[in-house]
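Analysis of the macromolecular model
What follows is each chain in one-letter form.
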Amino acid sequence: MNTDWRERVRQLKRERNAVILAHNYQTADIQEVADYVGDSLGLSYRAQAADADVILFCGVHFMAETAKIVNPRKTVILPDASAGCSLADSCPADELKKYLAAHPGKYVVSYINCSAGVKALSDVICTSGNAVNIVNRAPADRDLLFLPDQNLGEWVTQKTGRRMELWRGNCHVHVEFTHAGIQKIRDQYPAAPVVAHPECTRAVRLLADEVCSTEKMIDYCRRSPSAAFIIVTESGMLHRLRREVPGKTFIAGPTARCACNDCRYMKLNTLEKMAAALATLTPRVELPDDLIVSAAAPIQRMLDWSR
Ligand code: 13P
Ligand code: SF4
């Protein structure tokens, strides 16, 4: 018998009194069954406001962890505990701790793509949607360390004029886009604006008409008079755009080494794993209370500064 996983997830969601939050990079079938689909910033607000008993977070581990930190009384589950993030992995908390001990006095601005341990060592968190605003609000008399994404940090420096020391991390998906590849597709579709995520390299961002977070891509494409766009980010975004901005054409920016722009971690999630997570309430995000308290402070600062 073929199981209708979509229906099974909906049924278990009702039984568990759960809410399903999904990132823009999830597959179409997951986006269709979610209660809310958005970027890291929108998802953080939704997680904090959630009043269901259970949050099923379809994204990657640091996102589910953030949901637990901002709403610790809820049971937070995820479809696959091994859905990590190459960017978050590039900055282990013990390495950062050693670095800060050797370089005291830094004001640490951490991109939300980092572990709870790194958040706990940070002064303020940011997402791609608010990084410029957050860095503009950082104390003017302090030396800034921005981590873990070097490309996002460079873009923020360009936009704010604020000098920052940059951690040398990057995302395995966004560094696959190259200047030559994007130039080629731009030549093929000269009327289509290039919309790129700030995690792309500077060489790619140079060719972009708009650089923004995944959520802001929706707004940009909706408002623009153009009929077609070249989207330079993870593949899940194309579904969200096609659904929310009907009647326009979205062309995936090509990647260099393979024909795919999938995040290998985001794509570990499936409807079947969502059903299993709801049925067993595992894998579950569990964090020590003191870590929740220390990681919550810089996240809350970000949420307050972004309202
Ligand atoms: P957004 O917050 O723009 O959705 O980005 C999250 C992410 O992981 C990008 O790779
Ligand atoms: Fe991390 Fe990149 Fe995947 Fe985003 S797309 S979750 S930054 S590995």
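For the structure given in this document, a descriptive report is provided here. As the structure is a computational prediction, the values presented were derived from the model and not from experiment.

A word on the pairing of strand 12 (residues 249–252)
- Sheet topology note: the strand 11 (residues 228–232)/strand 12 ladder contains four bridges and is parallel. Bridging across to strand 12, Ala-228 finds its partner in Thr-249.
- Read as a crossover between parallel neighbours, the route from strand 11 over helix 13 (residues 236–244) to strand 12 is right-handed.

Some details on the packing of aromatic side chains
- Tallied over the full model, the rule gives three aromatic pairs.
- Taking the centre distance of 6.0 Å and the plane angle of 80° together, the rings of Tyr-99 and Trp-167 count as edge-to-face. Of this pair, Tyr-99 sits in helix 6 (residues 93–102) while Trp-167 sits in the loop between strand 8 (165–166) and helix 10 (179–188); the two residues are 68 residues apart in sequence, bridging distant segments of the chain.
- Classification of Tyr-99 as partly exposed rests on a relative accessible area of 22%.
- Taken together, a centroid distance of 6.3 Å and an interplanar angle of 75° make the contact between Tyr-220 and Phe-229 edge-to-face.
- Taking the relative accessible area as the measure of exposure, Tyr-220 reaches 22% and is therefore partly exposed.
- Judged by its relative accessible area of 0%, Phe-229 falls in the buried class.

Things to note about the pattern of salt bridges
- Applying the stated criterion across every chain, the model contains 12 salt bridges.
- Close ionic contact of Arg-240 with Glu-215 constitutes a salt bridge, the shortest N to O distance being 2.9 Å. Of this pair, Arg-240 sits in helix 13 while Glu-215 is found in helix 12 (residues 214–223), placing the two residues 25 residues apart along the sequence.
- With relative accessibility at 6%, the residue Arg-240 sits in the buried group.
- What makes Glu-215 partly exposed here is its relative accessible area of 23%.
- When the shortest N-O distance is used, the salt bridge between Arg-222 and Glu-244 registers 3.4 Å. Highlighted residues: Arg-222 in helix 12 and Glu-244 in helix 13, separated in sequence by 22 residues.

So, the environment of Asn-2
- Structurally, Asn-2 is set in the segment before helix 1 (5–16).
- With 284 residues separating them along the chain, Asn-2 and Glu-286 place their C-alpha atoms 34 Å apart.

Regarding the sheet that holds strand 1 (residues 18–23)
- Here four strands make up an open sheet; going across it, the order is 2-1-3-4 and the pairing parallel. Edge positions in the sheet fall to strand 2 (36–38) and strand 4 (75–77), since each of these pairs with one other strand and no more. Each strand axis lies, on average, 20° off the axis of its neighbour in the sheet, ignoring direction.
- Pairing between strand 3 (residues 54–58) and strand 4: three bridges, direction parallel. From the neighbouring strand, Leu-56 faces strand 4, where its bridge partner is Ile-77.

Reading the values: the criteria
- Residues numbered from 1 in each chain as written.
- Chains lettered and ligands numbered in written order.
- Predicted model: local features only at pLDDT ≥ 70, side-chain atom pairs only at ≥ 80, totals over all residues.
- Heavy atoms only, no water.
- Pairing = 2+ DSSP bridges.
- Helix = DSSP H or I, 4+ residues; strand = E, 2+ residues; numbered from the N terminus.
- Right-handed = clockwise from strand over helix to strand, strands pointing away.
- Phe/Tyr/Trp six-rings, centres within 6.5 Å; stacked < 30°, edge-to-face > 60°.
- Buried < 20%, exposed > 50% of the residue type's maximum accessible area, 1.4 Å probe, protein only.
- Salt bridge = Lys/Arg side-chain N within 4 Å of Asp/Glu carboxyl O.
- Axes fitted to C-alpha atoms, helices over the stretch in contact; angles between N-to-C directions.

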